[in-house]
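Next come the chains, spelled out residue by residue.
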Amino acid sequence: MKIIHKIEPWLTNSGKKAITFTCEHCGTWCYQLDSYFYATNLNKVDLEEALNTFAESINSKTITDFLPPKTAKKLQLTLCNCIENVVDIETAKARQRAKIILEKGLAILGQ
C-alpha cells in the first residue's frame, strides 16, 4: 500500500479544498481519508506540504503522531491492504495478450 494524494479543482460542501487519496499500487480510492486529514489539523500550514506529511505518515505507519491511537486504528481499517509485490494474475495475462496483439498489429503495418 502506498497512498498518494491529489488536490481537486473543486470545493467540498463545507467550503474546503477537495482532496482525493488513492493507493498507488492497486488504484483503490480511499474516500474517507480526507476527513481524517482535516481531523489532524495539518491543513493549518501549506496544504501541499501538509498532504505530503499526512500521506508519508500513513505509508510509514506513524499516523499516531497526528491522531489519537483509537482514531488511527479506525483510519487503518479504511485503507486497502494490497501488497506491492503481489501480482494480479488476470492483469498480468491481459497485459501479455495486449502486447501480443500490439506486436501483431505493428507487424502487419510494417509490411
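Higher on the page you've got the structure.
### Focus: the nonpolar core
- In terms of nonpolar packing, the biggest core is built from 22 residues, with Phe21, Leu33, Phe37, Phe54, Ile58 and Leu75 touching the most fellow members.
- Those elements that place two or more of their residues in this core are strand S2 (17-23), helix H1 (33-39), helix H2 (47-59) and helix H3 (69-78).
- The element that contributes the greatest number of residues to this core is H2, accounting for five residues.
- Setting aside residues no more than four positions away along its own chain, Leu75 makes contact with Leu33, Tyr36, Phe54, Ile58, Ile63 and Leu67.

### Thoughts on the pattern of salt bridges
- Considering all chains together, one arrives at two salt bridges under this definition.
- A salt bridge links Lys2 to Glu24, with the nearest nitrogen and oxygen atoms 3.5 Å apart. Of this pair, Lys2 sits in the segment before strand S1 (3-11) while Glu24 sits in the loop between S2 and H1, and the two are 22 residues apart along the sequence.
- Since its relative accessible area comes to 45%, Glu24 is described here as partly exposed.
- For Lys6, the salt bridge goes to Glu8, with nearest N and O atoms at 4.0 Å.

### Let's talk about the state of the cysteines
- Scanning all chains against the criterion turns up zero disulfides.
- Cys30 takes part in no disulfide bond, and the closest cysteine sulfur to it belongs to Cys80, at a distance of 5.3 Å.
- According to the relative accessible area criterion, Cys30 is buried, its value standing at 5%.

### Focus: a nonpolar patch on the surface
- Together, Leu102, Leu106 and Leu109 make up an exposed nonpolar region whose accessible area comes to about 350 Å².
- Locating Leu106 in the fold gives a position in helix H4 (residues 89-110).

About the cut-offs
- Residues numbered from 1 in each chain as written.
- Predicted model: local features only at pLDDT ≥ 70, side-chain atom pairs only at ≥ 80, totals over all residues.
- Heavy atoms only, no water.
- Core = buried A, V, L, I, M, F, W, Y, C linked by side-chain atoms within 4.5 Å.
- Buried < 20%, exposed > 50% of the residue type's maximum accessible area, 1.4 Å probe, protein only.
- Helix = DSSP H or I, 4+ residues; strand = E, 2+ residues; numbered from the N terminus.
- Contact = heavy atoms within 4.5 Å.
- Salt bridge = Lys/Arg side-chain N within 4 Å of Asp/Glu carboxyl O.
- Disulfide = S-S within 2.5 Å.
- Patch = residues over 30% accessible without salt bridge, like charges linked within 9 Å, V, L, I, M, F, W, Y side chains within 5 Å.
- Areas by Shrake-Rupley, 256 points an atom, 1.4 Å probe, with all protein chains shown as cover.

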